[in-house]
Every structure is written in C-alpha cells, then in structure tokens.
Amino acid sequence: MAKGRVWDLPTRLTHWGFAALVPFSWWSATTGRLPLHRLSGYGLLGLLVFRLAWGLVGARIARFATFIKGPAAVLAYVRGRSAPALGHNPLGGWSIAAMLAALALQLGLGLFSVDEDGLEPGPLSRFVSFDTGRAIAHLHHRTFWILVALIAVHLAAIAVYAVRGKDLVTPMVTGTADLPDGLVATRVAPFRTAAAVAALAAALVWFIAHGLRF
Amino acid sequence: MTLPRTLAPLAAGLLVLCGGVALAAGLTGADAAKDRAQHMKGLGAAAKALGEQFRSGTPDPAVVRLQAERIDTAAKTLPTWFPAGSGAQAWPKSAALPVVWTDAAGFAAAARNFQLAAARLDAAAATGDMTATGAAAKPALGACKACHDKFRRPEKS
C-alpha cells in the first residue's frame, strides 16, 4: 500500500477549527466570558459558512455530493457490503451532515440570544425583544446538548475504528493515509477557490456581526 | 452545619424578624423577589435598547433619553428591592446571593455606585450630547455587571 492524499488542507483546517472552538465556546459561556464567547461564535460561523460552501465547490472529498448517500448505500455499508473508498463512509457522511446542522442551529440561535443583563446580546438580537432574546438564549443552552450528543457519537465511532485497527485521526492531521490497493489519491481544489470561499465567509460574518449593517 | 442548642431559638427569632420586616412593607419575601426580577428584566431591556442605539452608529437622542430615564428611575428605588428575607429561601428562582444581606454595607456601596452612574447617564442624555451620553453609559452599565458579579448567582443553563 502506498501513501496518498486523503483530506485536503481546507477541510482539515475547518475540522480542527470546529474541534477547538466548540469546546472554547462552551468554556467561555459557562465562565461568563461573553465577549470571548461572541468572538468564538463568529469564528465558528466563518468556519461553518466556509465548510458548507466547500461542500459545494471545494475538494471532491469534501463535497456533499460525494459523501451524502441514500439509504440503500448506508444499509450496504452497515452490512459490510461496500467497496473500500476514501473519505466519509455512507454512514459517517450523515454524521457529518447532522453535526453541521446542529452547529448551524446553535449558531443561528446564538445570533439572536440576549444575556441576562442585556449587555452582551447577539448581533441579530436587535430584531427581537429582550424577552424573546432571553427565551432564545435558554433554547440555545438546551440545543447545545444535541451538538454534544452528535460529537459524542462521532468520537465513539473514531474509537470503534481505532479498536478495529483503523486510524482515522492521523489522516485528518497529516492529510495522507495508506491507500488500499486500487484506490487513487484524491484531488485537491485550487488555492484560488479556497481563497475566494474564505473571503466570502469572512465578508458574511462581518456583515452579520455588524447586525446586518454596512 | 449544626447550631448550638442555645442559638437555635435565636436563629428562629431572627428569621421571624426578617419575615416581619418584609411583611411590614406589605410583601412576602417571595413577592418581593418576583417584583425584583421584573424590575431587573426592565433594566436588562433598557440596557439592550441603549446598547443598540450606540452600536447602530447613529443613536437617536429621543430613544437614548427614554432608556436613560428608565435606568435612572429604576436605580433610585433599587436598594428597596432587596428586603430581608427575599432571597432564594423565599423564591428558589431568585438569583440574589445571601451576601446581599450578609455584606449589607458592601451591597449598599455597590448600589450607590450604580445610582451615581445612572444619574450621570440620565443627565448626559438630557443634554442630547450623544458622545457624552455614550461615555456616561459605560460606567452605568459597568456598575450592573460589577454588582452582579459579586451579589448574583451565576446564570443556570
């Protein structure tokens, strides 16, 4: 088996960005550091927008069209009847989609949340009343556990594969893995595509952070 | 913690006395705590509305003045929102910590600090000078946080 490219750099960077900022967001919120919590949320929002766009125009392995499969493919994979392939397996693809959806919900609610004192409200809270913003903040606290549950499943799956002798973590760090016979390395997307998508994500976050004002 | 036998009646007497003070004002401890929560929500709403004006970059002096008045009016009566016996023992949802009453002098100083800052905010807003009002808003809103950090239970999720 030869070593070859699996995960492209932008996909790895967004992944580890999520892995760092989700716990940081939780920590900054539970210790009352709302200005930091807000910045962390903006970082996550930028990463999420980038990842969603990358799922449309990015590297082949990161595209939703590549890894979101129908029930037949998922069932075949669960029964061990899938051919080996690189990237997300048919079941794992849905895990990624679920985590991204839960993160989108979390960020969306956070944008409209208002803190107890009304001093550090989310950037879009000017569109809702104080009481509505408080209700959204309480919802934001609860829906966090959906994200935690999905991340727990993700980590448990990594542990299960590790026990069965398949290391998923190293390829997500280095981008490369031993390729099974018959599989060719994935193609990465051009740098200019990544730069354009990153610029778009940054602009969108800036616009939202300013309460949809220029 | 166990009280010495001789202190138990004393403690019970103290509790009755505290309840009496609250009742003298025509309120049970729980009523006072709920009223306080409503007052605090009003202050939170005013802080949010005020912050929005300054974050917009073009504060509306009329809106700013209205919110500054709300804050100043509330600040004037704030010390009366905390009758003895109106803590979490009277209403479990109350976030007021026992230190409000055990460090009454410290709490009074923190409340006074807020009152002074709120009065300055209101005075600045009355002049219509939004730069001065923005500068005066910082210590007033900062006083909310300073007091809450010490005298309020951290928010439960």
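What counts, and at which threshold
Residues numbered from 1 in each chain as written. Chains lettered and ligands numbered in written order. Predicted model: local features only at pLDDT ≥ 70, side-chain atom pairs only at ≥ 80, totals over all residues. Heavy atoms only, no water. Helix = DSSP H or I, 4+ residues; strand = E, 2+ residues; numbered from the N terminus. Contact = heavy atoms within 4.5 Å. Areas by Shrake-Rupley, 256 points an atom, 1.4 Å probe, with all protein chains shown as cover. Lys, Arg positive; Asp, Glu negative; His and termini not counted. Charge placed at Lys NZ, Arg CZ, Asp CG, Glu CD. Buried < 20%, exposed > 50% of the residue type's maximum accessible area, 1.4 Å probe, protein only. Buried area = accessible area lost by both parts, 1.4 Å probe. Salt bridge = Lys/Arg side-chain N within 4 Å of Asp/Glu carboxyl O. Polar contact = N/O pair within 3.5 Å; in protein donor to acceptor, adjacent residues only side chain to side chain. Phe/Tyr/Trp six-rings, centres within 6.5 Å; stacked < 30°, edge-to-face > 60°. pLDDT = per-residue confidence, 0-100. Core = buried A, V, L, I, M, F, W, Y, C linked by side-chain atoms within 4.5 Å. Patch = residues over 30% accessible without salt bridge, like charges linked within 9 Å, V, L, I, M, F, W, Y side chains within 5 Å.

**Considering the overall build of chain A**
Then comes step 1: Helix and strand counts for chain A stand at eight helices and two strands.
Then comes step 2: Listed N to C, the secondary structure of chain A is β-α-α-α-α-α-α-α-β-α in terms of helices and strands.
Then comes step 3: Counted over contacts in chain A with a minimum sequence separation of 6, partners at least 24 positions apart contribute 68%.
Then comes step 4: When the accessible surface of chain A is summed, it comes to about 11700 Å², and 71% of that surface belongs to carbon and sulfur atoms.
Then comes step 5: Averaging the coordinates of the 19 positive side-chain charges in chain A and doing the same for the 9 negative ones gives two points 12 Å apart.

**Examining the overall build of chain B**
Then comes step 1: Counting secondary structure elements, chain B contains six helices and zero strands.
Then comes step 2: Listing the helices and strands of chain B from first to last along the sequence gives α-α-α-α-α-α.
Then comes step 3: A total of 157 residues make up chain B; the buried ones form 37% of that total.
Then comes step 4: Contacts in chain B between residues at least 24 apart in sequence constitute 71% of all its contacts with a sequence separation of at least 6.
Then comes step 5: With the model as given, the accessible surface of chain B reaches about 8800 Å², and the carbon-plus-sulfur share is 65%.

**Focus: the interface of chain A and chain B**
Then comes step 1: Taken together, the contacts link 16 residues of chain A with 16 residues of chain B.
Then comes step 2: Both faces combined, the contact of chain A with chain B buries some 1300 Å², and carbon together with sulfur accounts for 54% of it.
Then comes step 3: At the junction of chain A and chain B, the tally comes to two salt bridges.
Then comes step 4: We note a salt bridge from E116 of chain A to R152 of chain B, for which the minimum N-O separation is 3.4 Å.
Then comes step 5: Inspection of the chain A/chain B interface yields six residue pairs in polar contact (both at pLDDT 80 or more).

**Focus: unusual backbone geometry**
Then comes step 1: Even without being glycine, L212 of chain A reaches a positive phi, approximately 60°.
Then comes step 2: With respect to the helices, strands and loops of the structure, L212 of chain A is situated in the segment after α8 (191-209).

**Here we look at the packing of aromatic side chains**
Then comes step 1: What the rule picks out here adds up to seven aromatic pairs over all chains.
Then comes step 2: Note on F207 of chain A and F214 of chain A: the rings are 4.6 Å apart at their centroids and 25° apart in plane angle, and the pair reads as stacked.
Then comes step 3: Ring geometry for F107 of chain B against F151 of chain B: centres 5.1 Å apart, planes inclined by 75°, an arrangement best described as edge-to-face. Residue F107 of chain B is located in helix α5 (residues 104-127), and its partner F151 of chain B is located in helix α6 (residues 130-151); the two are separated by 44 residues in the primary sequence.
Then comes step 4: By relative accessible area, F107 of chain B is classed as buried at 8%.
Then comes step 5: Judged by its relative accessible area of 5%, F151 of chain B is buried.
Then comes step 6: Site record: aromatic cluster; members linked through ring pairs are F82, F107 and F151 of chain B.

**Some details on the confidence of the model for chain B**
All names here are of chain B.
Then comes step 1: Summarising the model, chain B shows a mean pLDDT of 88, and 82% of its residues fall at 70 or more.
Then comes step 2: Mean pLDDT across the secondary structure elements of chain B bottoms out at helix α1 (residues 7-24), with 48, and peaks at helix α3 (residues 61-77), with 98.
Then comes step 3: Across residues 11-20 the pLDDT falls below 50, and counting only partners more than four positions away or on other chains, this stretch makes three contacts in the model.
Then comes step 4: We note a pTM of 0.88 for the whole complex and an ipTM of 0.86 for its interfaces.

**Describing the side chain of T143 of chain A**
All names here are of chain A.
Then comes step 1: When you line up the elements, T143 lands in helix α6 (residues 130-163).
Then comes step 2: Side chain to side chain, T143 and Q106 meet in a polar contact 2.7 Å long.
Then comes step 3: Not counting residues within four places of it along the chain, the set of residues in contact with T143 comprises L105, Q106 and L109.

**A look at the nonpolar core**
Residue and element names in this part refer to chain B.
Then comes step 1: The biggest cluster of nonpolar side chains holds 33 residues, and the ones touching the most others in it are L43, L50, I71, L78, F82, F114 and L121.
Then comes step 2: When contributions to this core are tallied by element, the ones reaching two or more residues are α2 (29-55), α3, α5 and α6.
Then comes step 3: Once residues within four sequence positions are removed from consideration, L121 is found in contact with L50, A68, I71, T133, A136, A137 and A140.

**Describing the pattern of salt bridges**
Close approach of charged atoms lets side chains of opposite charge pair.
Then comes step 1: Per the stated rule, a full pass over the model turns up nine salt bridges over all chains.
Then comes step 2: Three or more residues joined by partner-sharing salt bridges are found here, namely E116 and D117 of chain A together with R152 of chain B.

**Overview of the environment of A95 of chain B**
Then comes step 1: Mapped onto the secondary structure, A95 of chain B falls in the loop between α3 and α4 (99-102).
Then comes step 2: A95 of chain B has contacts with F151, R152 and R153 of chain B, leaving out every residue within four places of it along the chain.

**Considerations on the environment of V188 of chain A**
Residues and elements named next belong to chain A.
Then comes step 1: For V188, the position within the fold is in the loop between β2 (176-179) and α8.
Then comes step 2: Taking the C-alpha atoms as reference points, V188 and G58, separated by 130 residues in sequence, lie 8.0 Å from one another.
Then comes step 3: Here V188 is in contact with R5, D8 and A59, once residues within four sequence places are set aside.

**Overview of a nonpolar patch on the surface**
All names here are of chain A.
Then comes step 1: There is a patch of nonpolar side chains on the surface, built from F24, W26, W27, L36, L39 and W145 and spanning about 610 Å² of accessible area.
Then comes step 2: Looking at the nonpolar patch, the elements with two or more residues in it are α1 (9-30) and α2 (34-57).
Then comes step 3: With three residues, α1 is the single largest residue contributor to the nonpolar patch.

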